[in-house]
Amino acid sequence: MRKVGIFGWGIIAPRSADVNEFADNLAGSESWLSAFDGFGPNNFLVGDPKFDFAAYKPWVDERFPPNRFPQLVDKMDPTTQLAVGSYIQALRQNPGLEQELQALGTEAHVYIGTGLGALPTIYDVSIAHHRAQRRWNRFWAQPERNRALADHLADPAATPFEVPASPEGLAGEERELTAEQWDAFWMTCSDGLAEFLDELREIEALRVEGDVESGKIRLIKTKRRRLARLKAHWGAPQPPWEAVSPNLLWNIHNSPAAQVSMLGQIKGLAFAPVAACSTFGVCLKLAIDTIARGEAKAVVVGATDPPPHMLTVGGFYNARVSSADASVSKPLSELRGTHVAGGAALWIVGDWEHMTARGFEPLGMEPVSVGVSADADHIITPSKEGPRTAVTQALEGAGIGPDDVGTWDLHATATPGDYLEVEGMRDVFPDSVLVSARKGTFGHGMSACGGWELTAQYLGYARGELYPTPLVESELNEEIAEVHRCFVFDRSVAAPSNYAGKLSMGIGGINACVVSRPLVKE
């Protein structure tokens, strides 16, 4: 089994613009959450990443034409921008990493996943389309452009088909919804729209003639001129298909990995593993396995999530896992729910022998083994067997037993599931294991949270300590305290000298368990 090390890392998290600020903030026990600015006044707290993409402009400008950075700003969702920023950070940990990843050719890979995807872009595009479709329907559902509707209004009894309810006489929300249904129905009956589409079909059927390059330019100009005349003739609003930005396509789930590969000129496999809250651990396992098989010497792994968004916060709340009382909900305490967070975590993982031979220094700890499993049971409530399988697999992969593990980091979301997780942990580990839970610090970053928690563990071990958490000992849930009492509270403690473990449990029952050990530099 090839030994693997971490040779670069980048973090963007609440209150933390980079990995150094992340480490400084971990030294305190306060929460990094802040009031959510969506929905207008509300009671939600979130983990809003400290991020300014402009800080990375000089790096991009040094390597690409002047139009490249504006393209990234205009076309890329924050989900991808966060990953790009984290990657640039990671290169700074070891001078020469960028050149080495390029020199490795197809032996350098990129595995960057996302839990939620590009929600800000999806939301913006969806809203733009909805508004355009509503205007479009209303325009063509007017009797002056719709003979069928004019005939119906003149003599409803003579209409030979069933029509939806009319909004006439209604008020408020009922009128608004009924009017939308009315317009959507009558738009399909519009003879004016049929005539518009006939001419549009003719325009779109025009083909390139003669020399391809010059013919293409002539065709574009001709189509543009005729389309403008067509719209002006009818006075039509923007067609709904023209309201859908192509940014929707540029920001599918593999976009963060693709952009890092393009900006870093990394020629090996680049794709997006998606495993909800277990994404980072799954990416790490894929990297370790790929290096072990000799298919890659280095892999950029990571996870990225957009800043807290109305869709995310509302979705978590209505799944009954989010706290909304304007105060911090801490894991292992009152179990009132989690807090949504956004940001990114990215590591550059490499074959130890190859990378150290070239002078690169390993960081933090050594990831030894990753176990993965699926509950195959419930969409959101974890089972006992599924996580235990991942834990057992990780221990076996590391060649150790439960007594060899000195500290354990929980997935712990400040929900009732914390009790079951602690109970399951104690089914495997002794009462001496020192347990931490950090989502009360930076919130629940869906895919990124596993990376934050692992990086916090690694940074702490590098300093010989486990960073504090916001949990005060007196706040420990009484039932949890009956199962286990050895936790990292609001003061740092010495790091155990043996192995460390970290469990992540994702929506859909996807589990990833990472076992690591302190660095022994050779």
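Conventions and cut-offs
- Sequence order as written defines the numbering, with residues in each chain counted from 1.
- Where local features are concerned, this predicted model is filtered to residues with pLDDT of at least 70; where side-chain atom pairs are given and counted, the filter is 80 or more; whole-chain, interface and lining totals use all residues.
- Heavy atoms from the whole structure form the basis of all side-chain values; hydrogens and water molecules are not counted.
- Here, a salt bridge means any side-chain nitrogen of Lys or Arg that lies within 4 Å of a carboxyl oxygen of Asp or Glu.
- Every helix listed is a DSSP run of H or I at least four residues long, and every strand listed is a run of E at least two residues long, numbered separately from the N terminus.
- Categorising residues by exposure relies on relative accessible area from a 1.4 Å probe, with only protein chains included: less than 20% of the type maximum marks a residue as buried, more than 50% marks it as exposed, and the intermediate range marks it as partly exposed.
- Strands are treated as partners if at least two bridges between them are detected by DSSP.
- Buriedness of a pocket was judged along seven lines, with at least five required to meet protein on both sides within 12 Å; pockets are open sets of points on a 1 Å grid over the protein atoms alone, cavities are sets where a 1.4 Å probe fits but cannot get out, and lining residues have an atom within 4 Å of a point.
- Grid points are joined across faces, edges and corners, and a volume is the space filled by probe spheres set on the points.
- Residue type decides the class: Asp, Glu, Lys and Arg count as charged, Ala, Val, Leu, Ile, Met, Phe, Trp, Tyr, Cys and Pro as nonpolar, and the leftover types, Gly among them, as polar.

Enquirer: Give a description of the pattern of salt bridges that names residues and reports values.
Expert: One pass over the structure, following the stated rule, counts 30 salt bridges. Across the salt bridge formed by arginine 134 and glutamate 180, the nearest N and O atoms sit 3.5 Å from each other. In this pair, arginine 134 sits in helix 6 (residues 119–140) while glutamate 180 sits in helix 8 (residues 172–187), placing the two residues 46 residues apart along the sequence. Owing to a relative accessible area of 26%, glutamate 180 belongs among the partly exposed residues under this scheme. Measuring nitrogen to oxygen at the nearest pair gives 3.1 Å for the salt bridge that ties aspartate 289 to lysine 285. With aspartate 289 and lysine 285 both in helix 13 (residues 279–292), this residue pair falls 4 residues apart, about one helical turn. Taking the relative accessible area as the measure of exposure, aspartate 289 reaches 24% and is therefore partly exposed. Salt bridges here are not isolated pairs; linked through shared partners, they connect Lys384, Glu385, Arg388, Glu423 and Asp427.

Enquirer: Would you mind going over the pairing of strand 4 (residues 108–113) in detail, with residue names and values included?
Expert: When you tally the buried positions in strand 4, you get 6 out of 6 residues, the bulk of the element. Alternating residues of strand 4 divide into Ala108, Val110 and Ile112 and His109, Tyr111 and Gly113, and every residue in both groups is buried. Direction of pairing for strand 4 relative to strand 6 (residues 298–305): parallel, over a ladder of 6 bridges. Within the sheet, the bridge partner assigned to histidine 109 lies in strand 6 and is valine 299. Note that strand 4 and strand 5 (residues 270–271) share 2 bridges and pair parallel. Opposite tyrosine 111, over in strand 5, you have phenylalanine 271 as the bridge partner.

Enquirer: Can you break down empty space enclosed by the protein residue by residue, with the values?
Expert: Inspection of every chain in the model, using the stated rule, returns 4 cavities of 30 Å³ or more. Taken as a whole, the largest cavity spans an internal volume of roughly 50 Å³. Around the largest cavity, the lining residues are Lys330, Pro331, Leu332, Val435, Ser436, Ala437, Thr469, Pro470, Leu471, Phe487 and Val488. Partitioning the lining of the largest cavity into residue classes produces 8 nonpolar, 2 polar and 1 charged.

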